[in-house]
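# A look at the structure
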Amino acid sequence: MVTIRLFEPKDVNFAAELIRQEKWGHTAKDVRRCWNFEPEGCFIAEQDGERVGHVFSVNYSTVGWIGLLIIQQSYRGQGIGTTLMRTAMNYLRNLGVETIRLEAVPEAVTLYQRLGFKSEFDSLRFYRELRPGRTCLQAKDEEIHQIKDDELEILGKFDAECFGANRLKVLQGLYRDFPQHCLVARNDGIMGYIMCRETNSGFWLGPWVCEEEHPEVARDLIVSFLHALKANSGLCVGIPAPNTMGIQLLEKLDFSLMSRSIRMFWGKPAYSGNAKENFGIGGPEKG
Ligand SMILES: CC(C)(COP(=O)(O)OP(=O)(O)OC[C@H]1O[C@@H](n2cnc3c(N)ncnc32)[C@H](O)[C@@H]1OP(=O)(O)O)[C@@H](O)C(=O)NCCC(=O)NCCS
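Residues numbered from 1 in each chain as written. Predicted model: local features only at pLDDT ≥ 70, side-chain atom pairs only at ≥ 80, totals over all residues.

Each helix and strand counted, the protein has 8 helices and 13 strands in total. Compactness check: the protein gives a C-alpha radius of gyration of 18 Å against a globular reference of 19 Å for 287 residues, within 12% of the reference. Counting only C-alpha atoms and orienting by the principal axes, one finds that the protein spans roughly 60 × 40 × 35 Å. For the protein, buried positions account for 44% of its 287 residues. Look at the contacts in the protein between residues 6 or more apart in sequence, and 73% of them connect residues 24 or more apart. (Helix = DSSP H or I, 4+ residues; strand = E, 2+ residues; numbered from the N terminus. Rg over C-alpha atoms; globule rule 2.2 N^0.38 Å. Buried ≥ 20, exposed ≤ 12 C-beta atoms within 10 Å, placed from the backbone. Contact = placed C-beta atoms within 7 Å.)

The structure is reproduced here in structure tokens:
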């Protein structure tokens, strides 16, 4: 018999292992951070007392996100993934969320469609090898500096305009864990920012958000970031396909397209922000 219960701290390593098998890159630290965003919205499926899968959700008031849905290989195709999805959706709906978003791998689109999700746009994954000393464009970085504690609140407001919902708790979590990878561009106000986390396979760049009218800020932010990052691994970024300016910038910086997911939504077609201002998503599990 399948039962669903709340995710608990003792499940972190179980989830990290399922994620490792999928080669998604999230570390145990990422799992713990995602759980911390929404401890009441993360669930474990058990079959006859054995853990067989999990799902994570996060609530941004009017909008919710669902991600990190994985069922152990030998238990797939029995409806457990659907049951976990329904649990996470009910949790968000009971909080008053009107729109739920997620990013689906192509194989999972049918599963989400059956639950009422509709496609919005493609979300592309780009990758670049990092080698110290590798040449790239020069940044005009006079206005760019590492994010400071007292800038987070105002950053959250700037981000909400572009992202479509207030995800300050996510920005705070990433900043707490990786302050050295968080940069902001300012003149009088915030013009853009970039964050990055270390993964099991290198780095995941995002959120990376800038005003549509100032794409040069997005460029300066990533160039400054690449100059500062002394690493010998790889850098992954997820970008909405409608952000053609961002895609051109990534290609100019030698990023290559690796794969694509499909951004989907359930409920009210609203709170979508501006895809052209999202140069790097925070992650497929949280937008
Ligand atoms: C996606 C996943 C959670 C579904 O779990 P599940 O318990 O098998 O799901 P259900 O039994 O409720 O539904 C089965 C549906 O899942 C989808 N599915 C099947 N195999 C899949 C796969 N390898 N990857 C993704 N989705 C798959 C199909 O739509 C399938 O429908 P079908 O049986 O009519 O073909 C599970 O396949 C999995 O863990 N895949 C790897 C991780 C992943 O891709 N997660 C989703 C990221 S968006």
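Continuing now.
Inspection of the secondary structure assignment puts Ala 165 in the loop between α5 (152-163) and α6 (168-177). When the C-alpha positions of Ala 165 and Asp 122 are compared, they lie 20 Å apart, and in sequence the two are 43 residues distant. With residues near it in sequence (within four places) discarded, Ala 165 still touches Tyr 60, Ser 61, Thr 62, Val 63, Ala 160 and Tyr 271.

What follows concerns the pairing of strand β12 (residues 256-267). Across 6 bridges, strand β5 (residues 99-104) lies against β12 in antiparallel orientation. Pairing of Leu 102 across the sheet is with Met 264, part of β12. Relative to β12, strand β6 (residues 118-129) is paired through 9 bridges, and the arrangement is antiparallel. Bridge pairing links Ser 119 to Met 264 in β12. (Pairing = 2+ DSSP bridges.)

Two elements in contact, α5 and α6, have axes separated by 9 Å at closest approach and are oriented at 130°. Taken as axis vectors, α5 and α6 run oblique relative to one another. Considering only the axes of α5 and α6, their crossing is right-handed. Contact with α5, carried on its side by Leu 152, Leu 155, Gly 156 and Asp 159, involves Leu 168, Leu 171, Gln 172 and Tyr 175 of α6 and no other residues of that element. When grouped by side-chain class, the residues that make up the contact of α5 with α6 number 5 nonpolar, 2 polar and 1 charged. (Axes fitted to C-alpha atoms, helices over the stretch in contact; angles between N-to-C directions. Parallel < 35°, antiparallel > 145°, perpendicular 65-115°, else oblique. Left-handed = near helix turned anticlockwise from the far one by under 90°. Nonpolar A, V, L, I, M, F, W, Y, C, P; charged D, E, K, R; others polar.)

A few words on the domain arrangement of the protein. A common way to state how big an interface is: give the accessible area lost once the parts meet. Its domain assignment divides the protein into domain 1 (2-97) and domain 2 (124-280). Across the contact, 14 residues belong to domain 1 and 15 residues belong to domain 2. Broken down by element, the side of domain 1 that touches domain 2 gets its largest block of residues, 5 residues, from helix α2 (residues 28-37). Tallied by class, the residues present in the side of domain 1 that touches domain 2 amount to 4 nonpolar, 6 polar and 4 charged. (Domains from an automatic or database assignment.)

Time to look at the site of the ligand. Taken together, 17 residues form the shell around the ligand, and within it Arg 76, Gly 81, Thr 82, Glu 107 and Thr 110 come nearest. At the level of elements, β4 (63-71), α3 (80-94) and α4 (109-114) are the ones that each hand at least two residues to the shell around the ligand. (Near = placed C-beta within 6 Å.)

Now for the nonpolar core. Core analysis: the largest hydrophobic core is formed by 81 residues, its most contacted members being Val 55, Ala 88, Leu 183, Tyr 193, Ile 194 and Leu 221. Per-domain counts for this core show at least three residues from each of domain 1 (2-97) and domain 2 (124-280). Discounting chain neighbours no more than four positions away, the residues touching Tyr 193 are Ile 147, Leu 155, Leu 183, Val 184, Ala 185 and Val 209. (Core = buried A, V, L, I, M, F, W, Y, C linked by C-beta atoms within 7 Å.)

Here we take up the environment of Lys 230. Its place among the elements puts Lys 230 in the loop between α7 (215-228) and β11 (234-240). In this structure Lys 230 comes out as exposed when scored by C-beta crowding, with 8 C-beta atoms within 10 Å. Sequence-wise, Lys 230 and Glu 216 are 14 residues apart; in three dimensions their C-alpha atoms are separated by 23 Å.

Across the junction of Gly 206 and Pro 207, the peptide omega takes the value 5°, indicating a cis bond. Within the secondary structure, Pro 207 sits in strand β10 (residues 202-210). With a phi angle near 60°, Lys 23 is a residue other than glycine that sits in the positive phi range. Checked against the element boundaries, Lys 23 lands in the loop between α1 (12-22) and α2. Residue classification places Lys 23 among the exposed positions, given that 8 C-beta atoms sit within 10 Å. Positive phi outside glycine occurs at Asp 48, with the angle close to 50°.

Let us now look at the packing of α2 against α6. Relative orientation of the contacting elements α2 and α6 amounts to 150°, with a least axis distance of 10 Å. In terms of orientation, α2 lies roughly antiparallel with respect to α6. Crossing handedness for the pair α2 and α6: right-handed. Across from Lys 29, Arg 33, Asn 36 and Phe 37 in α2, the residues of α6 making contact are Lys 169, Val 170, Gly 173 and Asp 177. When the residues that make up the contact of α2 with α6 are grouped by side-chain class, the tally is 2 nonpolar, 2 polar and 4 charged.

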